[in-house]
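Residue-level listing of the chains:
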Amino acid sequence: QVQLVESGGGLVQAGGSLRLSCAASGRTFSRYGMGWFRQAPGKEREFVAGISRSGRTTDYAESVKGRFTISRDNAKNTVSLQMNSLKPEDTAVYYCAAAEGIDYSESRTLYNYWGQGTQVTVSS
């Protein structure tokens, strides 16, 4: 069982930056591929970024490539998402997710555990 708690969301102007963090409970964090997803009002939850269990491999949605960076610290059981050059279309609730036994996936159905989400609002 893994519990995930996100933090770091808020209101920011377009062009600004935010850093989201996700703290995981448990002693087996390194067994889980980690992902960040987001869901805007009236839209489906979509993949934003993923990171492998070792942290050596990452993947990003085309819409955030070059602006967002995912990282993890297995010693501290945390995964982060640094978001730069934010745009109004990045406004959404952002979720941290854990996938047991795989590095990561762009498919939300492969994730076993989810955080409660943190709101990110980018004003124009």
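None of the values given here were measured: they were computed from a predicted structure.

Cut-offs used in this document
- Residues numbered from 1 in each chain as written.
- Predicted model: local features only at pLDDT ≥ 70, side-chain atom pairs only at ≥ 80, totals over all residues.
- Heavy atoms only, no water.
- Helix = DSSP H or I, 4+ residues; strand = E, 2+ residues; numbered from the N terminus.
- Rg over C-alpha atoms; globule rule 2.2 N^0.38 Å.
- Areas by Shrake-Rupley, 256 points an atom, 1.4 Å probe, with all protein chains shown as cover.
- Core = buried A, V, L, I, M, F, W, Y, C linked by side-chain atoms within 4.5 Å.
- Buried < 20%, exposed > 50% of the residue type's maximum accessible area, 1.4 Å probe, protein only.
- Contact = heavy atoms within 4.5 Å.
- Disulfide = S-S within 2.5 Å.
- Salt bridge = Lys/Arg side-chain N within 4 Å of Asp/Glu carboxyl O.

Draft legend 1. Main features of the overall build of the protein chain. Scanning the protein chain from terminus to terminus reveals zero helices and 11 strands. Along the chain direction, N to C, the helices and strands of the protein chain fall in the order β-β-β-β-β-β-β-β-β-β-β. Over its C-alpha atoms the protein chain spans a radius of gyration of 13 Å, differing by no more than 12% from the 14 Å that the globule rule assigns to 124 residues. Projecting the C-alpha coordinates of the protein chain onto the three principal axes gives extents of approximately 40 × 25 × 25 Å. Here the protein chain has roughly 6300 Å² of accessible surface; of this, 44% comes from carbon and sulfur atoms.

Draft legend 2. Main features of the nonpolar core. Ranked by size, the top nonpolar core spans 35 residues in total, and within it Leu-4, Met-34, Trp-36, Val-79, Leu-81, Met-83 and Tyr-94 carry the most contacts. For this core, the secondary-structure elements that each account for two or more residues are β3 (18-24), β4 (32-39), β5 (46-51), β7 (68-73), β8 (78-83), β9 (92-100) and β11 (118-123). With six residues, the single largest contributor to this core is β9. Not counting chain neighbours up to four residues away, the residues in contact with Val-79 comprise Leu-20, Ser-21, Cys-22, Phe-29, Met-34, Trp-36, Ile-51, Ile-70, Ser-71, Arg-72 and Cys-96.

Draft legend 3. Quick look at the environment of Lys-87. Mapping Lys-87 onto the fold places it in the loop between β8 and β9. For the pair formed by Lys-87 and Val-122, sequence separation is 35 residues and the distance between their alpha carbons is 6.1 Å. Not counting residues within four places of it along the chain, the set of residues in contact with Lys-87 comprises Arg-67 and Val-122.

Draft legend 4. Here's a closer look at the side chain of Asn-77. As for its placement among the helices and strands, Asn-77 is situated in the loop between β7 and β8. Owing to a relative accessible area of 15%, Asn-77 belongs among the buried residues under this scheme. Not counting residues within four places of it along the chain, the set of residues in contact with Asn-77 comprises Cys-22, Ala-23, Ala-24, Ser-25, Gly-26 and Phe-29.

Draft legend 5. Looking closely at the state of the cysteines. Per the counting criterion, the structure on display carries one disulfide. In this model, Cys-22 is linked to Cys-96 through a disulfide, with the two sulfur atoms separated by 2.1 Å. Looking along the S-S bond of the Cys-22-Cys-96 disulfide, the torsion reads about -75°, which is the left-handed sense. Pair noted here: Cys-22 is in strand β3 and Cys-96 is in strand β9, with a separation of 74 residues, a long-range link.

Draft legend 6. A look at the pattern of salt bridges. Overall, the coordinates contain seven salt bridges when judged by the stated rule. Salt-bridge contacts for Asp-90 lead to Arg-38; the nearest nitrogen and oxygen are separated by 2.9 Å. Of this pair, Asp-90 sits in the loop between β8 and β9 while Arg-38 sits in strand β4, placing them 52 residues apart in sequence. Take Arg-38: its relative accessible area is 6%, and that puts it in the buried class. Residue Arg-67 is joined to Asp-90 by a salt bridge in which the shortest nitrogen-to-oxygen separation is 2.7 Å. Residue Arg-67 is found in the loop between β6 (58-60) and β7, and its partner Asp-90 is found in the loop between β8 and β9; the two are separated by 23 residues along the sequence. The residues Arg-67 and Asp-90 share a single accessibility class, namely buried. The network of salt bridges with shared partners includes Arg-38, Glu-46, Arg-67 and Asp-90.

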